Amino acid sequence: MKLLLFNDWALGVLKSDGRVVDVSKAVPIAAAVPKNPLGAEMVMETVIEGFDSFRGKFEAIVNQEQGVPFAEVTLRPPLPRPPNALCAFSNYQDREQNEPPPPVRTLDFFHKCATSIVGSGATVELPDIPEAKVFQPEPEFAYVIGRKARKVSQAQALDYVFGYMNFSDISARDIPNRRTTFLHKSQETWAPMGPVIVTKDEIPDPQNVRVRLWLNGEQKQDYNTGAMTQPIAAQIQWLSEQITLQPGDLVSCGTHHVGLSPINDGDRVEVEGDGLERLKFSIKSYGPRKDEFWGPPGVRRA
């Protein structure tokens, strides 16, 4: 099932015929919370935590109602204010074939702030950061935690996943003397996500998903999640040893660096993991931007 938030923060299901059905009436809390990001987050987390009891109700509504065309709705981020929005550092084997593989890094993650999160169709804003060498959108495969997880084994880890979605980590490169990820990773609008959460039953192998990015209609990146150095099960094991993961937590798996491209004012970006629909956003820049390649050593320009 493909779940989304749309228009006035309504809860919807995307049908196979490309139409969206409002299923909010199946979730009692939806009528009681504000129609804003915080209220919508409460609704989505309620659904995630109790999905087994909601699924049949959603299916009944979807079978009865025609819905509206997907292209005609205003899309919202499916998780507008998640308990945690965690992004993996350098988690792909992405060097040239003749380059020795990099050492497998210890897992590490950083946070995106709440106001970084935007949905498909939004505008990503690039503030004037004179020190930044270049700005880039990273196409990523992300997963949503379905139930509370603490000290989970790898063998059980995927049982704690609710579903999957597209995510883009907007990044500023080569800012000197940086001490944290805040300035170059966590600016407002720098976490586009969606347009849907796809329940895990529709993605049989999350370590075999093709992820692509298009910039102004030209494909720039094309990789498979099988190239992760630390797969999702290992990520969940490690994270759940550090913190208690909560229903509605978002974890993004990092990107394959081959093909990373700079973004500038007026650009259009599209990101799609197979089976996850397509995330789209535009770029607004408030300062001069360099149009040059950036990548770790050994990574080629696409």
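What counts and how
- Residues numbered from 1 in each chain as written.
- Predicted model: local features only at pLDDT ≥ 70, side-chain atom pairs only at ≥ 80, totals over all residues.
- Heavy atoms only, no water.
- Axes fitted to C-alpha atoms, helices over the stretch in contact; angles between N-to-C directions.
- Helix = DSSP H or I, 4+ residues; strand = E, 2+ residues; numbered from the N terminus.
- Parallel < 35°, antiparallel > 145°, perpendicular 65-115°, else oblique.
- Contact = heavy atoms within 4.5 Å.
- Nonpolar A, V, L, I, M, F, W, Y, C, P; charged D, E, K, R; others polar.
- Core = buried A, V, L, I, M, F, W, Y, C linked by side-chain atoms within 4.5 Å.
- Buried < 20%, exposed > 50% of the residue type's maximum accessible area, 1.4 Å probe, protein only.
- Phe/Tyr/Trp six-rings, centres within 6.5 Å; stacked < 30°, edge-to-face > 60°.
- Salt bridge = Lys/Arg side-chain N within 4 Å of Asp/Glu carboxyl O.
- Pairing = 2+ DSSP bridges.

A.B. asks: Got a sec to walk through the packing of helix α1 (residues 37-49) against helix α2 (residues 51-64)? Specific residues and values, please.
C.D. replies: Look at α1 against α2: their axes get within 6 Å of each other, and the N-to-C directions meet at 100 degrees. With respect to their mutual orientation, α1 and α2 come out roughly perpendicular. Counted together, T46, V47, I48 and E49 of α1 and F51, F54 and F58 of α2 form the full contact between these two elements. Taken together, the residues of the contact of α1 with α2 break down into five nonpolar, one polar and one charged.

A.B. asks: Help me get a handle on the nonpolar core, residues and values and all.
C.D. replies: The nonpolar side chains of a soluble globular protein tend to be buried, and buried together. Ranked by size, the top nonpolar core spans 37 residues in total, and within it L4, F141, Y143, Y164, I232 and I236 carry the most contacts. Mapped by element, the contributors of at least two residues to this core are β1 (2-6), β2 (10-14), β6 (85-88), β10 (134-145), β11 (161-173) and α5 (232-242). At four residues, α5 tops the list of elements feeding residues into this core. Beyond its immediate chain neighbours, meaning those up to four positions away, I232 contacts F141, Y143, L158, V161, Y164, P206, Q207 and C253.

A.B. asks: Run through the packing of aromatic side chains, naming residues and quoting values.
C.D. replies: Inspection of every chain in the model, using the stated rule, returns seven aromatic pairs. Taken together, a centroid distance of 5.0 Å and an interplanar angle of 75 degrees make the contact between Y92 and Y223 edge-to-face. Taken together, the residues span a long stretch of sequence, with Y92 in the loop between β6 and β7 (109-111) and Y223 in strand β15 (residues 218-224) at a distance of 131 residues. By relative accessible area, which is 3% here, Y92 ends up buried. For Y223, a relative accessible area of 5% corresponds to the buried category. Judged by centre distance (5.8 Å) and plane angle (85 degrees), the rings of F135 and W190 are edge-to-face. A residue pair is termed long-range when its members are at least 10 positions apart, and F135 in strand β10 and W190 in the loop between α4 (182-185) and β12 (191-192) qualify at 55 residues. The exposure class assigned to F135 is buried, which follows from its relative accessible area of 2%. On the basis of relative accessibility, which here comes to 0%, the residue W190 falls in the buried class.

A.B. asks: Give a description of the pattern of salt bridges that names residues and reports values.
C.D. replies: Taken as a whole and judged by the stated rule, the model has 14 salt bridges. In this structure, D274 and R212 form a salt bridge, with 3.3 Å as the shortest nitrogen-oxygen distance. Of the two residues, D274 sits in the loop between β17 (268-273) and β18 (279-285) while R212 sits in strand β14 (residues 210-215), which places them 62 residues apart along the sequence. Assessed through its relative accessible area of 15%, R212 is described here as buried. The salt bridge partner of K284 is D265, with a shortest N-O separation of 4.0 Å.

A.B. asks: I'd like a rundown of the side chain of S24, residues and numbers included.
C.D. replies: Structurally, S24 can be placed in the loop between β3 (19-22) and α1. Classification of S24 by relative accessible area gives buried; the value is 16%. In contact with S24, not counting residues within four places along its chain, are A10, L11 and A30.

A.B. asks: Run through the sheet that holds strand β9 (residues 123-126), naming residues and quoting values.
C.D. replies: With respect to topology, five strands assemble into an open sheet ordered β9-β18-β17-β14-β15, the strand pairing being mixed. Only two strands of the sheet have a single neighbouring strand rather than two, namely β9 and β15. Each strand axis lies, on average, 20 degrees off the axis of its neighbour in the sheet, ignoring direction. Pairing between β17 and β18: four bridges, direction antiparallel. Counterpart to V269 in the pairing with β18 is F281.

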